[in-house]
Amino acid sequence: MANFNKVILAGNLTRDPELRYTPKGMAIAKLGMAINRNWTSESGEKKEEVTFVDLDAFGKQAETLAQYMKKGSPILIEGRLRLDQWDDKQTGQKRSRLGIVVEGFQFLGGPRTEGVGGPSAAAPRPKPAAAPAETAGAPDGDGPPPDDDVPF
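Residues numbered from 1 in each chain as written. Predicted model: local features only at pLDDT ≥ 70, side-chain atom pairs only at ≥ 80, totals over all residues. Heavy atoms only, no water.

Helix and strand counts for the protein stand at 2 helices and 6 strands. Each helix and strand of the protein, placed in order from N terminus to C terminus, yields the pattern β-β-β-β-α-β-β-α. Looking at the protein as a whole, 22% of its 152 residues are labelled buried. Summarising the internal contacts of the protein: among those between residues at least 6 apart in sequence, 54% fall at separations of at least 24. Looking at the protein as shown, the accessible area adds up to about 11,500 Å², and 53% of this sits on carbon and sulfur atoms. (Helix = DSSP H or I, 4+ residues; strand = E, 2+ residues; numbered from the N terminus. Buried < 20%, exposed > 50% of the residue type's maximum accessible area, 1.4 Å probe, protein only. Contact = heavy atoms within 4.5 Å. Areas by Shrake-Rupley, 256 points an atom, 1.4 Å probe, with all protein chains shown as cover.)

Spelled out as structure tokens, the structure:
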């Protein structure tokens, strides 16, 4: 019988990523994600259901997520399910947790700016330095030179 383990989720982070390193230098980020589901019942009442999921990211992906993501940031995650099992030290009972190992992700939404959506979620990108010939035609350097023919 064939097996297939793939998860794709879009939601918002429930907490800031927690970045740690193994003794060998491997980065591990632990994140929480909330996925909202809205629907209307048969009686016309609006309903909402929230599912909370724990995520683990490794390596460069872990470092990137920790650098650019904050609590509340929207993100699309692609990964696989993993079942962790352990014995609770206090009660001696067997415990388990179903989580997701991140294999890929995509940032959703635009970067936040100070005052509009809170502190910046990503470091501001510096504007590239324009060559002197480019800035001569445009008074503020933010557009094409006046004689440039834009096809759209």
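This paragraph deals with the environment of Leu13. Looking at where Leu13 falls in the secondary structure, it is placed in strand β1 (residues 7-13). Setting aside its immediate chain neighbours within four residues, Leu13 contacts Leu31, Gly32, Met33, Met69, Lys70, Lys71, Gly72, Ser73 and Ile75.

Oppositely charged side chains may form a pair once their charged atoms are brought near each other. A complete count under the given rule lists 14 salt bridges for this structure. Where Arg97 meets Asp54, a salt bridge forms, and the shortest distance between an N and an O atom there is 3.4 Å. One end of the pair, Arg97, is in strand β6 (residues 94-107); the other, Asp54, is in strand β4 (residues 46-58), and 43 residues separate them in sequence. Its relative accessible area of 30% is what places Asp54 among the partly exposed residues. A salt bridge links Arg82 to Asp56, with the shortest nitrogen-to-oxygen separation between them at 2.8 Å. Linking Arg82 in strand β5 (residues 74-87) with Asp56 in strand β4, this pair joins segments that are 26 residues apart in sequence. Taken together, the shared-partner salt bridges in this structure form one network comprising Arg15, Lys30, Asp54, Asp56, Arg82, Asp84 and Arg97. (Salt bridge = Lys/Arg side-chain N within 4 Å of Asp/Glu carboxyl O.)

All right, on to the pairing of β4 then. Examined bridge by bridge, strand β3 (residues 27-40) and β4 share 13 bridges and lie antiparallel to one another. By the bridge assignment for β4, Gly32 is matched with Asp54. Where β3 folds back on β4, the antiparallel hairpin that results is connected by 5 residues, among which Gly44 adopts a positive phi of roughly 90°. The pairing of β4 with β6 spans 2 bridges and is classified as parallel. What sits directly across from Leu55, in β6, is Ile100. (Pairing = 2+ DSSP bridges.)

Inspection of the secondary structure assignment puts Glu63 in helix α1 (residues 59-68). When the C-alpha atoms of Glu63 and Arg20 are compared, they prove to be 9.2 Å apart, with 43 residues separating the residues in sequence.

Right, let's get into the packing of aromatic side chains. According to the stated counting rule, one finds 2 aromatic pairs in the structure shown. Ring centres of Phe105 and Phe107 lie 5.4 Å apart, and the angle between their planes is 50°; this geometry places the pair in the tilted category. Assessed through its relative accessible area of 25%, Phe105 is described here as partly exposed. (Phe/Tyr/Trp six-rings, centres within 6.5 Å; stacked < 30°, edge-to-face > 60°.)

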